[in-house]
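One-letter residues, chain by chain:
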Amino acid sequence: MLDFVSLEDDLTQEEQLIRDTAREFVDERVRPEIGEHFENGTFPTELISEMGELGFYAPNLEGYGSPNVSETAYGLLMQELEACDSGLRSMASVQGALVMYPIHAYGSETQKEEWLPKLGQGEAVGCFGLTEPEHGSNPSGMETYAERDGDGYVLNGSKTWITNSPIADVAIVWARDRSSEDDPVRGFLVETDRDGVSTNKITEKLSLRASITGEIGLNDVSVPEENVLPNVSGMKGPLSCLTQARYGIAWGAVGAARDCFEEARQYAKDREQFGGPIGRFQLQQEKLAEMATQITLAQLLAYRIADLKERGDLRPQHISMAKRNNVRMARDQSRVAREMLGGNGITTDYSPMRHMANLETVYTYEGTHDIHTLVLGHDLTGIPAYEQ
Ligand code: FAD
């Protein structure tokens, strides 16, 4: 497995164990059928609780059943899951970074005790409702709102492109609270079996097909006061969750690229044309050399942000750079790998084209490549380009 500058030599035993557990799980339980799931547009839901038992959901959190592993260990986990499929990593990212993290960081003691162990074990599935049909890159324009009704709230609005909403037990819905001054954004825990909640599946996807995506419709949905996340108000709530998830994506994308590289390297040795393996041609070797170099550079960035996160010095702008760079790298290199596989490369028998299709979503969600460019531009010049 490509680790050209021996970064894995410095891993602790715990980190090695987590990497190996994820690698083994993926190879034995998911890889054999992932092409079929991608073709059929299905997710292996029977593995959700198994992933929980293996500790794949937010193991970097502390307490409530989470073991508080190192940020490198968490990154390696994301890398191994996405080396299989971005849909598998998305399942763990949403459940851990976008649902468990906000409950852990901003929830009441009762909310934490009720939800964190269940979500951590995969006994319940959560989803994160921020994006709306008319508000994607600028979620602060959201129209979903909450109004006071007696002791609780009534929610109205619609969310779209929500990973796992059709199979979720609970949604974290971000909505404007009209009962407070300036309509601050608040987080609401909405059980999906409440009256007025609908979660239609989006079926037309050509990317991230082995992941379930849907809408959340909220039509006069009543929730009690105790379902509000009490300890956060404003866009800091959803944005801080996205920072956690993007950290995992910066690592995960390296896994997808590495898998494409390994597939292409093996193919270059096995496939014979003009009387020998195509890997003896300099044109093919140049592609492998460039791919290995780009993957190694992305790995270095991932390991560095892990260290910064561990010691509390990681800024969201660091994560923007890593998400932006590593996903673009993976998207570019998956295409080169696909090319090296010739006609076979366009099938689901090999991983590169599946990764390539998936990476279109990864390039777009959790802040598009363009938006992270603007975040960096803002940080570097002090001038925000995205404000009107
Ligand atoms: P838009 O914001 O309309 O952008 C369209 C284009 O315009 C993009 O290229 C963008 O970069 C560009 N653009 C926008 N503003 C600017 C600007 N100021 N300057 C330059 N260019 C600009 N959301 C959730 O809340 N929860 C989820 O679980 C979730 N899962 C997803 C799963 C999938 C499969 C997909 C595809 C999306 C998911 N999303 C989710 C939504 C995702 O985060 C949004 O699609 C993303 O934020 C972009 O929003 P948009 O699609 O509305 O594009």
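Just so it is clear, the model here is predicted, and its values are computed rather than measured.

Quick question: what am I supposed to make of the overall build of the protein chain here?
Check the secondary structure of the protein chain and you find 10 helices and 11 strands. Here the protein chain has a C-alpha radius of gyration of 21 Å; the compact-globule value for 388 residues is 21 Å, and the two agree. A principal-axis box enclosing the C-alpha atoms of the protein chain has dimensions of 80 × 45 × 40 Å. In the protein chain, buried positions account for 56% of the 388 residues. When contacts within the protein chain are restricted to residue pairs at least 6 apart in sequence, long-range pairs at least 24 apart make up 74% of them. Carbon and sulfur atoms make up 46% of the accessible area of the protein chain, which totals about 16,800 Å². Across the protein chain, the mean location of the 35 positive side-chain charges is 6 Å away from that of the 62 negative side-chain charges.

Just checking my understanding: could you explain helix α9 (residues 352-364) for this structure?
Because an α-helix completes one turn every 3.6 residues, residues spaced three or four positions apart along the sequence face the same direction. With 13 residues, α9 extends 19 Å between its outermost C-alpha atoms, agreeing within 8% with the 18 Å of an ideal straight helix rising 1.5 Å per residue. The largest bend in α9 amounts to roughly 25° and is located at Asn358. Most of α9 is tucked away, with 10 of its 13 residues classed as buried. Restricting attention to buried positions, one finds in α9 the residues Pro352, Arg354, His355, Met356, Ala357, Asn358, Leu359, Thr361, Val362 and Tyr363. Among the structural elements, α1 (13-40), α3 (71-84), α4 (86-106), α6 (236-270), α8 (316-340) and α10 (369-381) are those in contact with the buried residues of α9.

Hey, could you run me through the site of the ligand in this one?
Looking at the ligand, there are 17 residues lining it, with Thr131, Ser137, Trp161, Thr368 and Asp370 nearest. A distance of 2.8 Å separates an oxygen atom of the ligand from a polar side-chain atom of Asp370. Expressed as a share of its isolated accessible area of 980 Å², the protein-covered part of the ligand is 66%. Among the elements of the structure, β5 (152-163), α9 and α10 are those that each provide at least two residues to the shell around the ligand. Residue composition of the shell around the ligand, by class: 8 nonpolar, 7 polar and 2 charged. Summarising the domain contributions, the shell around the ligand has at least three residues from each of domain 2 (127-232) and domain 3 (236-381).

Explanation requested: the nonpolar core in the structure shown.
One recurring pattern in soluble globular proteins: nonpolar side chains tend to sit buried together. Core analysis: the biggest nonpolar cluster contains 84 residues, and Trp174, Phe188 and Val190 have the highest contact counts within it. In terms of residues, this core owes the most to one element, α4, which gives 11 residues. In this structure, Val190 is in contact with Leu155, Asp169, Val170, Ala171, Val173, Val197, Leu218, Val221 and Val223, ignoring residues within four places of it in sequence. Within the second largest apolar cluster, 28 residues are counted, among which are Ala257, Tyr267, Val362 and Tyr365.

Help me understand the pairing of strand β4 (residues 145-149) in this model?
Along any regular strand, the residues point their side chains to alternate faces of the sheet. Examined bridge by bridge, β4 and β5 share 5 bridges and lie antiparallel to one another. Each residue of the ladder has a partner; that of Ala146, found in β5, is Leu155. Between β4 and β5, which follow one another and run antiparallel, lie 2 residues, and Gly150 among them has a positive phi close to 60°. The pairing of β4 with strand β6 (residues 170-177) spans 2 bridges and is classified as parallel. When the sheet's bridge partners are listed, Tyr145 is paired in β6 with Arg176.

Looking at this structure, I do not really get the UniProt feature "domain: Acyl-CoA dehydrogenase/oxidase N-terminal" (unreviewed entry) in the protein chain. What am I missing?
Per the UniProt record, "domain: Acyl-CoA dehydrogenase/oxidase N-terminal" (unreviewed entry) is found at residues 12-123. Helix makes up 72% of residues 12-123 and strand 4%, and the two end C-alpha atoms of the span are 30 Å apart.

When you look at the domain arrangement of the protein chain in this model, what are you seeing that I'm missing?
One frequently used descriptor of interface size is the decrease in accessible area upon assembly of the parts. When the domains of the protein chain are assigned, the result is domain 1 (7-125), domain 2 (127-232) and domain 3 (236-381). A separation of 20 Å is found between the C-alpha centroids of domain 1 and domain 3. On the side of domain 3, 33 residues touch domain 1, which itself brings 31 residues to the contact. When domain 1 packs against domain 3, the two sides together hide about 2,600 Å² of surface, and 57% of this comes from carbon and sulfur. Per-residue buried area on domain 1 facing domain 3 is highest for Leu7, Glu71 and Gln79; these three make up 23% of the total on that side. Across the contact surface, domain 1 and domain 3 share 4 salt bridges. When the shortest N-O distance is used, the salt bridge between Asp85 and Arg354 registers 2.7 Å. Linking domain 1 to domain 3 there are 13 residue pairs in polar contact (both at pLDDT 80 or more). Within the residue set of the side of domain 1 that touches domain 3, elements represented by two or more residues are α1, α3 and α4. In terms of residue count, α3 provides more of the side of domain 1 that touches domain 3 than any other element does, 11 residues in total. Of the residues that constitute the side of domain 1 that touches domain 3, the class distribution is 14 nonpolar, 8 polar and 9 charged.

What is the right way to read the pattern of salt bridges from this model?
Pairing between side chains of opposite charge can happen when the charged atoms of each approach one another. Evaluated as defined, the whole model comprises 20 salt bridges. Between Arg194 and Glu191 there is a salt bridge, and its shortest N-O distance comes to 2.6 Å. According to the relative accessible area criterion, Arg194 is partly exposed, its value standing at 24%. The exposure class of Glu191 is buried, given its relative accessible area of 18%. Close ionic contact of Lys287 with Glu339 constitutes a salt bridge, the shortest N to O distance being 2.8 Å.

About the cut-offs
Residues numbered from 1 in each chain as written. Predicted model: local features only at pLDDT ≥ 70, side-chain atom pairs only at ≥ 80, totals over all residues. Heavy atoms only, no water. Helix = DSSP H or I, 4+ residues; strand = E, 2+ residues; numbered from the N terminus. Rg over C-alpha atoms; globule rule 2.2 N^0.38 Å. Buried < 20%, exposed > 50% of the residue type's maximum accessible area, 1.4 Å probe, protein only. Contact = heavy atoms within 4.5 Å. Areas by Shrake-Rupley, 256 points an atom, 1.4 Å probe, with all protein chains shown as cover. Lys, Arg positive; Asp, Glu negative; His and termini not counted. Charge placed at Lys NZ, Arg CZ, Asp CG, Glu CD. Expected span 1.5 Å × (residues − 1). Bend = angle between axes of the 7 residues up to and from the residue. Near = heavy atom within 4 Å. Polar contact = N/O pair within 3.5 Å; in protein donor to acceptor, adjacent residues only side chain to side chain. Nonpolar A, V, L, I, M, F, W, Y, C, P; charged D, E, K, R; others polar. Domains from an automatic or database assignment. Core = buried A, V, L, I, M, F, W, Y, C linked by side-chain atoms within 4.5 Å. Pairing = 2+ DSSP bridges. UniProt positions renumbered as here; feature names shortened; annotations may be inferred. Buried area = accessible area lost by both parts, 1.4 Å probe. Salt bridge = Lys/Arg side-chain N within 4 Å of Asp/Glu carboxyl O.

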